[in-house]
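Chain by chain, the residues:
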Amino acid sequence: MRAAVVVTALAMVLAGCGSTLPAQPVDSSSTVTVPEPPGVAGAPSSSTATKPPDTTCDATASLRPSGPLPPPGQMPEGSTMARIVQRGRLIAGVDQNTYPMGFRNPITGQVEGFDVDMLHAVSAALFGDPDRIQFKAITSADRIPVLQQNQVDIVARTFTIDCARAEQVGFSSVYFSAGQRVLVDVNSPVQDIGGMSGKKVCATKGSTSLDALTKVASHPQLVAVDNWTDCLVLMQQGQVDATSTDDTILAGLAAQDPYTKVVGPRFADEPYGLAVPRTDTDFVRFINAVLEKIRADGTWTADYKHWLGDRLGPVPAPPTPRYLD
Ligand code: GLU
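Reading guide: rules and limits
Residues numbered from 1 in each chain as written. Predicted model: local features only at pLDDT ≥ 70, side-chain atom pairs only at ≥ 80, totals over all residues. Heavy atoms only, no water. Near = heavy atom within 4 Å. Polar contact = N/O pair within 3.5 Å; in protein donor to acceptor, adjacent residues only side chain to side chain. Helix = DSSP H or I, 4+ residues; strand = E, 2+ residues; numbered from the N terminus. Nonpolar A, V, L, I, M, F, W, Y, C, P; charged D, E, K, R; others polar. Axes fitted to C-alpha atoms, helices over the stretch in contact; angles between N-to-C directions. Parallel < 35°, antiparallel > 145°, perpendicular 65-115°, else oblique. Contact = heavy atoms within 4.5 Å. Phe/Tyr/Trp six-rings, centres within 6.5 Å; stacked < 30°, edge-to-face > 60°. Buried < 20%, exposed > 50% of the residue type's maximum accessible area, 1.4 Å probe, protein only. Arc of directions from axis to C-beta. Disulfide = S-S within 2.5 Å. Salt bridge = Lys/Arg side-chain N within 4 Å of Asp/Glu carboxyl O. Core = buried A, V, L, I, M, F, W, Y, C linked by side-chain atoms within 4.5 Å.

(A) Structural view of the site of the ligand. Around the ligand, the structure places 17 residues, and the nearest of them are Ser140, Arg157, Thr158, Thr160 and Asp246. The side chain of serine 140 places a nitrogen or oxygen atom 2.7 Å from an oxygen atom of the ligand. One of the side-chain nitrogen or oxygen atoms of arginine 143 is found 2.9 Å away from an oxygen atom of the ligand. Those elements that provide at least two residues to the shell around the ligand are α6 (208-213), β11 (242-246) and β13 (269-272). Grouping the constituent residues of the shell around the ligand by class yields four nonpolar, eight polar and five charged.

Take a look at the structure:
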């Protein structure tokens, strides 16, 4: 009986049925697939990638505040703000990967950053409480769809104001003036975007960064991902040579990886706005009144110093708001 079991087991192994022996000899010369973040694409997916920048509108001119802010909790009847106060919380689209603008603090689990502080100011004006916020983590490419589908009341996510976007969402006045630069390996000889010819450069899908890269004279090879930290991982794995986006975001990546450095001048202006569904013009005016207040009372400067310090040079004055009417 025992001999029969042994013979059967041996026969299974010889027939390739054993679970521990490979059916085929392993080819030691075969290459291992390098793991990569989900959503990596070789070509820009942005619909505006090949279009020239749209300068047909005065995109950074927003809607003037309609007067002083109403007391918290006492919003005009029928307004977008009254609906939000009635609900009891502000629903906000944010980044949870981008230190120091919008990121999840790994120690506390809280979403924090400069963009998030803008939301605390809006929440304080609505509710008298800076923390009545429900955060929804979104990618660069999610920003317009979540607003158009009314999944959020507001997006605060390194969102550059431009004409194409202003046709689809409502923007506040400019609350931050960023600019696009390049992040490379600390030992790289590359000095600016002009040196990226034939090199692989990473940016997120749905970002103005990716669009701008399609227009630079050095014509780098583009790698598109979902999150900015995916670009850092690809650089660390040697799968791309550089990341190019706003100096705010690059400063945060460089702070997380001392083997990287930011190089070259700004080659695109990136004025940030808080964004809301396009028809919520009353909320745009309200947000602009909140921004007026935090520019004037020192909150903006304190937030800037706290999150960015002198990483981008001397602390600037808050951007001056511009209004259409
Ligand atoms: N500011 C740029 C944009 O709005 C890049 C930032 C980002 O994608 O998060 O597209």
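(B) Region of interest: the packing of helix α3 (residues 114-127) against helix α9 (residues 281-296). Between α3 and α9, whose axes approach to 10 Å, the crossing angle comes to 110°. One element, α3, and the other, α9, form an angle in the roughly perpendicular class. Facing α3, whose interface residues are Met118, Ala121, Val122, Ala125 and Leu126, α9 presents Phe283, Phe286, Val290, Leu291 and Ile294.

(C) Expanded view of the packing of aromatic side chains. The full count for this structure, using the stated rule, is 13 aromatic pairs. Here the aromatic rings of phenylalanine 176 and tryptophan 300 are separated by 6.5 Å at their centres, their planes lie at 40°, and the arrangement is tilted. Linking phenylalanine 176 in strand β8 (residues 176-185) with tryptophan 300 in helix α10 (residues 299-307), this pair joins segments that are 124 residues apart in sequence. Taking the relative accessible area as the measure of exposure, phenylalanine 176 reaches 3% and is therefore buried.

(D) Fine view of α10. Considered for burial, the residues of α10 that qualify are Trp300, Asp303, Tyr304 and Trp307. Each buried residue of α10 sits inside an arc of 100° when the element is viewed along its axis, so together they form one side. The exposed residues of α10 that point more than 90 degrees off its buried face are Lys305 and His306. Just downstream of α10 lies glycine 309, where phi reads positive at about 50°.

(E) Structural view of unusual backbone geometry. With an omega of 0°, the peptide bond running from tyrosine 99 to proline 100 counts as cis. Mapped onto the fold, proline 100 is located in the loop between β2 (97-98) and β3 (102-104). Unlike most non-glycine residues, asparagine 150 shows phi in positive territory, near 55°. Within the secondary structure layout, asparagine 150 lies in the loop between α4 (143-148) and β6 (154-155). Of note in this structure, threonine 158 is not a glycine but carries a positive phi near 40°. Mapping threonine 158 onto the fold places it in the loop between β6 and α5 (163-166).

(F) Spatial organisation of the packing of helix α2 (residues 80-87) against α9. Interaxial distance between α2 and α9 falls to 8 Å at its minimum, and their mutual angle equals 80°. Judged by the angle between their axes, α2 and α9 are roughly perpendicular. In this structure, α2 contributes Thr80, Met81 and Ile84 to the contact, and α9 contributes Asp282, Phe283 and Phe286. Partitioned by chemical class, the residues of the contact of α2 with α9 number four nonpolar, one polar and one charged.

(G) Structural view of the state of the cysteines. Under the defined criterion, the tally for this structure stands at two disulfides. Here cysteine 57 engages in a disulfide with cysteine 163; their sulfurs sit 2.1 Å apart. Where cysteine 57 bonds to cysteine 163 through sulfur, the torsion about that S-S bond is close to -105°, and the disulfide is left-handed. Placement of the pair is cysteine 57 in the loop between α1 (2-14) and α2 and cysteine 163 in helix α5, with a sequence separation of 106 residues. Looking at cysteine 163, the relative accessible area reads 4%, which means it is buried. With its sulfur 2.1 Å from that of its partner, cysteine 202 forms a disulfide with cysteine 231. Disulfide cysteine 202-cysteine 231: torsion about the S-S bond near -80°, hence left-handed. Of this pair, cysteine 202 sits in strand β9 (residues 200-204) while cysteine 231 is found in helix α7 (residues 228-236), placing the two residues 29 residues apart along the sequence.

(H) Representation of the pattern of salt bridges within the structure. One pass over the full model with this rule turns up nine salt bridges. A salt bridge links aspartate 129 to arginine 132, with the nearest nitrogen and oxygen atoms 3.7 Å apart. Classification of arginine 132 as partly exposed rests on a relative accessible area of 35%. With its nearest N and O atoms 3.6 Å apart, the salt bridge here joins lysine 293 to aspartate 297. Judged by its relative accessible area of 47%, lysine 293 is partly exposed. Each of the salt bridges in this network shares a partner with another, and the network as a whole consists of Arg83, Arg87 and Asp153.

(I) Looking closely at the nonpolar core. In terms of nonpolar packing, the biggest core is built from 40 residues, with Leu90, Phe114, Leu126, Ile154, Phe176, Leu274 and Phe283 touching the most fellow members. Sorting the residues of this core by element identifies α2, β1 (90-94), α3, β8, α9 and α10 as the ones contributing at least two each. A per-element tally of this core places α3 first, with nine residues. Residues in contact with phenylalanine 283, not counting those within four places in the same chain, are Thr80, Met81, Ile84, Leu90, Val122, Asp153, Ile154 and Val276.

These figures capture arrangement, not role.
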